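Working through the structure, step by step
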Amino acid sequence: MFLNRLFRLSQNIFSGLYLKSSVLKNLDGLIFVNIILLILTSAFLSSDSIAFFAIISIILTVLKLLTKPRESIVFSTAEKFLLLYFIFVLISVAGSSLFIYSLKGFCKTLVY
């Protein structure tokens, strides 16, 4: 898969940084704490604050995939169809006459 090849390439580049950095070695713990905060605060925070925690989780996960050696993504059949659906949605957002509103709505859907 293209994504896993891209991750392997970046992992080869950043493997030395990962081995020396205590922050990068503990990314799993940071992601877990952030998800727990997201769950606990979702009952009383605004949607913007909830989105902030969700985006931080996504960024930390991508950072982990880019730096941690031998990390990869394996998609099931259902996840492949979901990814295909989001690709179609991106194409429709790009062709929308109300591009800004469509992009904002798509980003909300993607985060939640």
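Heads up: the structure comes first, above all this text.
Before going into details, it helps to say that this report is about the structure given with it.

The rules behind each value
- In this numbering scheme, every chain counts its residues from 1 along its sequence in written order.
- Selection of residues for local features in this predicted model requires a pLDDT of at least 70, selection of side-chain atom pairs for listing and counting requires 80 or more, and totals for whole chains, interfaces and linings are taken over all residues.
- Computation of side-chain values: all heavy atoms of the structure, hydrogens and water removed.
- Within this document, salt bridges are pairs made up of a side-chain nitrogen of Lys or Arg and a carboxyl oxygen of Asp or Glu, the two lying within 4 Å of each other.
- Strands here mean DSSP runs of E at least two residues long; helices mean DSSP runs of H or I at least four residues long; both are numbered from the N terminus.
- For every residue, the accessible area obtained with a 1.4 Å probe (protein chains only) is divided by the maximum for its type, and the residue is called buried under 20%, exposed over 50%, and partly exposed between those limits.
- Angles shown run from 0 to 180 degrees and are taken between the N-to-C directions of axes, each axis being a line fitted to C-alpha atoms and, for helices, limited to the stretch in contact.
- An angle below 35 degrees is treated as roughly parallel, one above 145 as roughly antiparallel, one from 65 to 115 as roughly perpendicular, and anything else as oblique.
- What makes two residues a contact is simply this: any of their non-hydrogen atoms within 4.5 Å.
- Three classes are used: nonpolar for Ala, Val, Leu, Ile, Met, Phe, Trp, Tyr, Cys and Pro, charged for Asp, Glu, Lys and Arg, and polar for all others, with Gly counted as polar.

Regarding the pattern of salt bridges
Close approach of charged atoms lets side chains of opposite charge pair. Applying the stated criterion to the full structure yields four salt bridges. Linking Lys68 and Asp28 is a salt bridge whose minimum nitrogen-to-oxygen distance equals 3.5 Å. Of this pair, Lys68 sits in the loop between helix H4 (47–67) and helix H5 (77–94) while Asp28 sits in helix H3 (residues 27–41), and the two are 40 residues apart along the sequence. Judged by its relative accessible area of 37%, Asp28 is partly exposed. Lys68 is paired through a salt bridge with Glu71; the nearest N and O atoms lie 3.8 Å apart.

Side note on the packing of helix H1 (residues 2–20) against H4
A pair of packed helices is characterised by two quantities: the angle between their axes and the separation of those axes. Packing of H1 against H4 brings their axes to within 6 Å, and their N-to-C directions diverge by 90 degrees. Classed by the angle they form, the pair H1 and H4 counts as roughly perpendicular. Between H1 and H4, the residues in contact are Phe7, Ser10, Gln11, Phe14 and Tyr18 and Leu65, Leu66 and Thr67, respectively. Its residues assigned to classes, the contact of H1 with H4 shows five nonpolar, three polar and no charged.

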